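# Fold and contact review
Residues per chain are reported as follows:
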Amino acid sequence: MGFKEASSTTIFCLLLLFCLGCRCLASELVATQAATLKVDASPQSARKIPETLFGIFFEEINHAGAGGIWAELVSNRGFEAGGPHTPSNIDPWSIIGDDSSVFVATDRTSCFSRNNVALRMEVLCDDCPTAGVGIYNPGFWGMNIEDGKAYNLVMYVKSPETTDLTVSLTSSDGLQNLASTTITVSGTSNWTKVEQKLVAKGTNRTSRLQITTNKKGVVWFDQVSLMPEDTYKGHGFRTELISMLLDLKPRFLRFPGGCFVEGDWLRNAFRWRESIGPWEERPGHFGDVWHYWTDDGLGYYEFLQLAEDLGAAPIWVFNNGVSHNDEVDTAAIAPFVKDVLDSLEFARGSADSTWGSVRAAMGHPEPFPVKYVAIGNEDCGKKFYRGNYIKFYNAIRQAYPDIQMISNCDGSSKPLDHPADLYDFHVYTDSKTLFNMKSTFDRTSRSGPKAFVSEYAVWRSDAGRGSLLASLAEAAFLTGLEKNSDIVQMASYAPLFVNDNDRTWNPDAIVFNSWQHYGTPSYWMQTLFRESSGAMLHPITISSSYSGSLAASAITWQDSENSFLRVKANAVSLTISTTGLQASVNALGSTTTVLTSGNVMDENSFSNPNKVAPVKSELSNAAEQMQVTLAPHSFSTFDLALAQSKLVAEM
């Protein structure tokens, strides 16, 4: 131990937003109205922000996972979505031909015991069309097939007679053939696993996978999968969508919900045990809250892997025996408690432990560092929540003393009546209300558990499908969380993703379809807070006749190259002055970044994905005291470069 003199860089960041009235804009004011912002940047007055302050919350909603970040192209790949009763619906699978030439139905002949439904296809025609008859799957509103890219096909088949099958990637009408291969199925009563790589010779954004034959007879299919070869780190995630998450620099990942965890009924809640192991053996389940089937290819293990890939701390939200409509009595909750302890052993246990060995067999011998769990989601008012909570809390505390436990009960205005390390705080509201909530935690007791603002967003009329207005109010709210980061440990926007074909919930941070994606203004706003986690917070003073409509925070943090002062603000003539800086402001390298648009209700879209996005430019008048005029309806940042200085660091 000791001290070492090192050459480092301190970045000074000031966040300021101006907001007036229910529309959170300054159009009613002239730009000459003045405000003064003073920042005490002295080290002795600074306070460290938690390393975990800003992260992300993923919920399986809006087809965020199935048909979203999980790159599987086949929808209902195991034919289980119609339920266990047979025959059942095989949607979105359809036949090629007509019912006089091909007959399909589900039966219980699968070789997989946990999902025993398979598809039986009987070819009826003696003289079938040249192109054959069979089945096709359009994926999730069309498969994005791109020229030159490889796609890995896996499927299980059996036929009593030798049969040739043609597997193709085609356009939605079957007329454009992008890739094709012939597979011979040997006549046998046993299931055969088929693996084939298909390389596309052409691009089509709404493609389908089709399987055809010309031969009369019967063929069974099960677990038909098509995965792009180029997933993120080979872990099965859509690279371009993961890139959007990486740009947020999230410090934690809360998963897998949300209401998805609870279910409308317990029988449809997310079950971690059924989402691990070989993908072919996962039964999948119907998410009855958001009304679609998931095959659980994106399961508990994959969420842990995603957190690791993002460099984020995993926060496992588990079901505590409570759904929207039914509950487990505390007297009977013991099996649920054991189930959660097993889930933690799966994540954290050694490779030779009972459940840790299952994880190791899946390819991850080293434990996952799960240090946070949420006991339920939005269940505080339920009859058995508190009783169930205590059972989980005591069992986890005994087995894993270091795990931080999160209660569903809000402790921001009054003390909790049960032990907890953190408590959940959720808010979906209009822009004016959220802006004014920047001071919500000012009055919270500092002696209780920390707050986890795990779901926040401007919602409904003010939000549209992701408006500039919403992002301005949210930015003000986040400055309040930074100010109160001695009691607020974590915060995450919700929902994170929406497939444009399933807008169950609006707005969302990232919008996508099979081949496009863009960030809403709320997404871009979050990128301007990504350095806050682990930074140093500094006191500020605002002087103005309308200071109640100003929100600000000031931070410093370490960087390897440059030092900056950052300001975020709206339409006002603003004087910024700083005291206590350890280095002078350097105009060279100073920049300004502005998030704005012509109308406060403007949104981004596939046709104009950067209509509301940060625009960065050089700032030539940077100084320790400077006056700036900020654009209307804007969230502006001013990064003032600081001269490099010598810092003393404890080693």
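Shown above is the structure to which this text applies.
Numbering of residues starts from 1 in every chain and runs along the sequence as written. Local features in a predicted model are, by the rule used here, given only for residues with pLDDT of at least 70; side-chain atom pairs are given and counted only at 80 or more, and totals for whole chains, interfaces and linings are based on all residues. Note that the side-chain values use all heavy atoms of the structure and ignore hydrogens as well as water.

To continue, consider the packing of aromatic side chains. Pairing of aromatic rings covers Phe, Tyr and Trp, the last counted by its six-membered ring, and requires centre-to-centre distances within 6.5 Å; plane angles under 30 degrees mean stacked, over 60 mean edge-to-face, and any other angle means tilted. Counted by the stated rule, this structure contains 34 aromatic pairs. Pairing Tyr-301 with Phe-346 gives two aromatic rings, centres 6.4 Å apart and planes at 80°, and the pair type is edge-to-face. Taken together, the residues Tyr-301 in helix α3 (residues 300-310) and Phe-346 in helix α4 (residues 334-348) connect sequence positions 45 residues apart. Judged on exposure class, the residue Tyr-301 and its partner Phe-346 are both buried. Aromatic side chains Tyr-456 and Phe-477 sit 5.8 Å apart centroid to centroid with 50° between the ring planes, which places their arrangement in the tilted category. Taken together, the positions of Tyr-456 in strand β23 (residues 450-458) and Phe-477 in helix α8 (residues 468-483) put the pair 21 residues apart, joining distant regions of the chain. Residue class for Tyr-456 comes out buried when judged on its relative accessible area of 2%. Relative accessible area decides the class of each residue, using a 1.4 Å probe on protein chains only: under 20% of the type maximum gives buried, over 50% gives exposed, and in between gives partly exposed. Under the relative-accessibility criterion, Phe-477 is labelled buried at 0%. Its guanidinium or amino end placed over the ring of Trp-220, Lys-158 lies 5.1 Å from that ring's centre, counting from NZ or CZ. Secondary structure is summarised from DSSP: a helix means a run of H or I of at least four residues, a strand means a run of E of at least two, and numbering begins at the N terminus for each. A ring is considered to have a charge above it if a Lys NZ or an Arg CZ atom is located within 6 Å of its centre and within 35 degrees of its normal.

What follows deals with the sheet that holds strand β7 (residues 118-123). Pairs of strands are assigned from DSSP output, requiring at least two bridges between the strands. Taking strand neighbours across the sheet as the criterion, the five strands line up as β6-β7-β15-β10-β13 in an open arrangement whose pairing is antiparallel. Edge strands, defined here as strands with exactly one partner in the open sheet, are β6 (102-107) and β13 (188-199). For this sheet, the mean angle separating the axes of adjacent strands, direction not counted, is 30°. In this structure, β6 lies alongside β7, joined through six bridges in antiparallel fashion. Bridging from a neighbouring strand, Ala-105 pairs with Arg-120 of β7. Inter-axis angles, ranging from 0 to 180 degrees, are taken between N-to-C directions of lines fitted to C-alpha atoms, where helices are fitted over the stretch in contact.

Pro-92 follows Asp-91 through a cis peptide bond whose omega is 5°. Cis geometry marks the peptide bond from Phe-255 to Pro-256; its omega dihedral reads -5°. Tracing the chain through its elements places Pro-256 in the loop between β16 (252-255) and α2 (259-262). Even without being a glycine, Gln-223 presents a positive backbone phi close to 45°. Located in the positive-phi region is His-291, a residue other than glycine, with phi close to 65°. Topologically, His-291 is positioned in the loop between β17 (285-287) and β18 (292-294).

It is worth spelling out the state of the cysteines at this point. Whenever a pair of cysteine sulfur atoms sits within 2.5 Å, that pair is classed as a disulfide. By the definition in use, this model includes two disulfides. With a sulfur-sulfur separation of 1.9 Å, Cys-125 is cross-linked through a disulfide to Cys-128. Negative torsions about the S-S bond denote left-handed disulfides, and the value of about 95° found for Cys-125 with Cys-128 makes this one right-handed. Under the relative-accessibility criterion, Cys-128 is labelled buried at 11%. Residue Cys-380 pairs covalently with Cys-409 via a disulfide, S to S 2.0 Å. Since a negative S-S torsion denotes a left-handed disulfide, the Cys-380-Cys-409 link at about 100° is right-handed. Here the residue Cys-380 occupies a position in the loop between β20 (372-375) and α6 (385-399), and Cys-409 occupies one in the loop between β21 (404-407) and β22 (422-429), the gap between them amounting to 29 residues. According to the relative accessible area criterion, Cys-380 is buried, its value standing at 18%. Sulfur of Cys-259: no disulfide; nearest cysteine sulfur belongs to Cys-380 and is 15 Å away.

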